[in-house]
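A closer look at the structure
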Protein chains: 2
Amino acid sequence: MIVRLLWLFLLFAPGVRAGETTYTAARPLVVGVVLFADFEMLDVFGPLEMFSLLDERVRIVTLAATPGPVRSRNGPAVIAERSLADAGALDLLLVPGGFGTRRAVDDAAFVYAIARLGGQAPQVASVCTGAALLARAGLLDGRRATTNKQAFAWVQSQGANTAWVRSARWVEDGRFATSSGVSAGTDLALALIARHFDRTTAERVARDAEYLWNASSEVDPFAADAAPATR
Amino acid sequence: MIVRLLWLFLLFAPGVRAGETTYTAARPLVVGVVLFADFEMLDVFGPLEMFSLLDERVRIVTLAATPGPVRSRNGPAVIAERSLADAGALDLLLVPGGFGTRRAVDDAAFVYAIARLGGQAPQVASVCTGAALLARAGLLDGRRATTNKQAFAWVQSQGANTAWVRSARWVEDGRFATSSGVSAGTDLALALIARHFDRTTAERVARDAEYLWNASSEVDPFAADAAPATR
């Protein structure tokens, strides 16, 4: 009897498995977004806009090595509310890309923090060269993933044990979802909304944002921009 | 001779007329973006992403009633670098929308500051309900303009002397360009890049952002979402 109750608890307890929680104002989907110097603006704000349109059913938490302002590439600084070490429980970890990833992949403490958070979160998503950070953190070992087509060779070099997909708007493998460049993150965010809420909600969000959702993960109009394979 | 030199100076002097300056690292296009409490994230960061991809040929300046952090609707706070009163010379004033516009239109000092900056800037653009702020500032009097289709009736009520266009991705009238909701601002930004740089540059920027540019101002997939006309 106790075993059966325990089993029922595990089955229905919130947050036990991705895709099985009903997110509400009382139990919102917690999206933690990682900021670092020279992050790419739209990698962050495209997805966050879509999640924000779920109103109180989503809570967005900005994270960085230390709390405070973090400058985007060639644009405004955004406030990180919490440190990576003090992120709290996340339902979704979102890792953007941008030129800043070139430096960030060699920041051992930063990569370790990504590995720790990404190891815990039931859903991990990257946009653009954010996949290089997940790869360096070892999170994409043995998995399929994609990234920005113009930076493909460099990202590929950061994850030797990953099956890099050359043509995909985004790739989902288990709890990891990696998108192609910049705007592709917005399309992936809507796919994650469809998964964690439902398809109708995702379509409503796209309409509220007057966004033409490229809803197929396999249609990649920019695959041809990929540099020739280097291996 | 002196008259001819003066004429040549006026013809070739930088910044004399919109669309005639060649923007370079030494003389970048200065984009001033207005922030206010509960601005809509993508209204700001969709356009700024596109401008940021012009690298040192664009300088982005964030503006608010007072410098410091400004909270977006349901998302991160962004740092305003300068006050509206101390904006300096702008080539393009960008006014986003969002739920915050409902309060902001009744903030007389804020609307006055928009009127002053919008009266001076050679190019003024709004996204979504940002058009309500331009309208209240009197900047759209006698002009054609558009806005978010879901908020159409409310925005319309803020500008009795404006010819509101019910179906348009964006509308350009003289130095004013107003876009439909949220994502439409990104399409307008690319059109402004085509105008102030050239079409090839705009297409390159869209490709760098892996963005499928909805390049026609007249194709409005969301016009049907407009509430019935109230007048």
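Note: the structure precedes this text.
Bear in mind that the values here come from a model prediction, so they are computed numbers and not experimental data.

Reading guide: rules and limits
- Residues numbered from 1 in each chain as written.
- Chains lettered and ligands numbered in written order.
- Predicted model: local features only at pLDDT ≥ 70, side-chain atom pairs only at ≥ 80, totals over all residues.
- Heavy atoms only, no water.
- Helix = DSSP H or I, 4+ residues; strand = E, 2+ residues; numbered from the N terminus.
- Buried < 20%, exposed > 50% of the residue type's maximum accessible area, 1.4 Å probe, protein only.
- Areas by Shrake-Rupley, 256 points an atom, 1.4 Å probe, with all protein chains shown as cover.
- Least-squares fit on C-alpha atoms with pLDDT ≥ 70 in both.
- Contact = heavy atoms within 4.5 Å.
- Polar contact = N/O pair within 3.5 Å; in protein donor to acceptor, adjacent residues only side chain to side chain.
- Buried area = accessible area lost by both parts, 1.4 Å probe.
- Salt bridge = Lys/Arg side-chain N within 4 Å of Asp/Glu carboxyl O.
- Pairing = 2+ DSSP bridges.
- Axes fitted to C-alpha atoms, helices over the stretch in contact; angles between N-to-C directions.
- Expected span 1.5 Å × (residues − 1).

1. Observations regarding the overall build of chain A
Secondary structure summary: chain A contains eight helices and eleven strands in total. Each of the 231 residues in chain A was classed as buried or not, and the buried ones make up 58%. Only carbon and sulfur atoms are counted for the fraction: they give 56% of the accessible area of chain A, which is about 9,200 Å².

2. Here's the deal with the relation of the copies chain B and chain A
Copy one and copy two of the chain differ by a rotation about an axis and a translation along that axis. Once chain B is rotated about the relating axis by 180 degrees and shifted along it by 0.0 Å, it coincides with chain A to within an RMSD of 0.0 Å. One copy is carried onto the other by what is essentially a two-fold rotation axis. Among all residues of chain B, the one whose C-alpha sits closest to the rotation axis is Val-78 of chain B, at a distance of 2.2 Å. In this assembly, 98% of the residues forming the interface of chain B have copies in chain A that are likewise at the interface, indicating an isologous arrangement.

3. Section: the environment of Asp-173 of chain B
Residue and element names in this part refer to chain B. Relative to the elements of secondary structure, Asp-173 occurs in strand S10 (residues 170-173). Measuring from C-alpha to C-alpha, the distance between Asp-173 and Arg-143 comes to 6.5 Å, with 30 residues separating the pair along the chain. Among residues more than four places away in sequence, those in contact with Asp-173 are Arg-143 and Arg-144. In terms of polar contacts, Asp-173 uses its side chain to reach the backbone amide nitrogen of Arg-144, at 2.9 Å.

4. Description of unusual backbone geometry
Trans peptide bonds make up most of the peptide bonds, and negative phi angles are found at most residues other than glycine. Residues and elements named next belong to chain B. The residue Asn-74 is not glycine, and still its phi comes out positive at about 60 degrees. Looking at where Asn-74 falls in the secondary structure, it is placed in the loop between strand S3 (68-71) and strand S4 (77-80). With relative accessibility at 24%, the residue Asn-74 sits in the partly exposed group. Even without being glycine, Glu-210 reaches a positive phi, approximately 45 degrees.

5. Thoughts on the interface of chain B and chain A
Contact with chain B, which involves 41 residues of that partner, is made by 41 residues of chain A. Roughly 3,600 Å² is buried in total at the junction of chain B and chain A, and carbon and sulfur atoms are behind 55% of that figure. Taken together, the connections running from chain B to chain A amount to two salt bridges. The shortest N-O distance in the salt bridge between Asp-55 of chain A and Arg-73 of chain B comes to 2.8 Å.

6. Points about the sheet that holds strand S7 (residues 123-126) of chain B
Hydrogen bonding along the main chain pairs the strands of a sheet, whether they run parallel or antiparallel. All names here are of chain B. Here we have seven strands laid out as an open sheet, ordered S5-S2-S1-S6-S7-S11-S10, and mixed in their pairing. The open sheet has two free edges, formed respectively by strand S5 (82-83) and S10, since each of these has just one partner strand. Taken together, the two bridges between strand S2 (residues 58-64) and S5 define a ladder with parallel strand orientation. Opposite Ala-64, over in S5, you have Ser-83 as the bridge partner. Sheet contacts for helix H2 (residues 41-52): strand S1 (29-34), S2 and strand S6 (92-95); angle to S1, the most-contacted strand, approximately 165 degrees.

7. Concerning the side chain of Ser-180 of chain A
Along the chain, Ser-180 of chain A turns up in the loop between strand S11 (176-179) and helix H7 (184-196). Side chain to side chain, Ser-180 of chain A and Lys-149 of chain A meet in a polar contact 2.8 Å long. With near-sequence residues (within four places) excluded, Ser-180 of chain A lies in contact with Val-127, Cys-128, Thr-146, Thr-147, Asn-148, Lys-149, Ala-168, Arg-169 and Asp-220 of chain A together with Glu-210 of chain B.

8. A few points about H7 of chain A
Residues and elements named next belong to chain A. For H7, which comprises 13 residues, the first-to-last C-alpha distance of 18 Å matches the rise-based estimate of 18 Å (1.5 Å per residue) to within 8%. The buried fraction of H7 amounts to twelve of the 13 residues, a majority that puts the element mostly inside the structure. Here H7 has its buried residues at Ala-184, Gly-185, Thr-186, Asp-187, Leu-188, Ala-189, Leu-190, Ala-191, Leu-192, Ile-193, Ala-194 and His-196. Considering only its buried residues, H7 is in contact with helix H2 (41-52), strand S6 (92-95), strand S7 (123-126), strand S10 (170-173), S11 and helix H8 (199-208).

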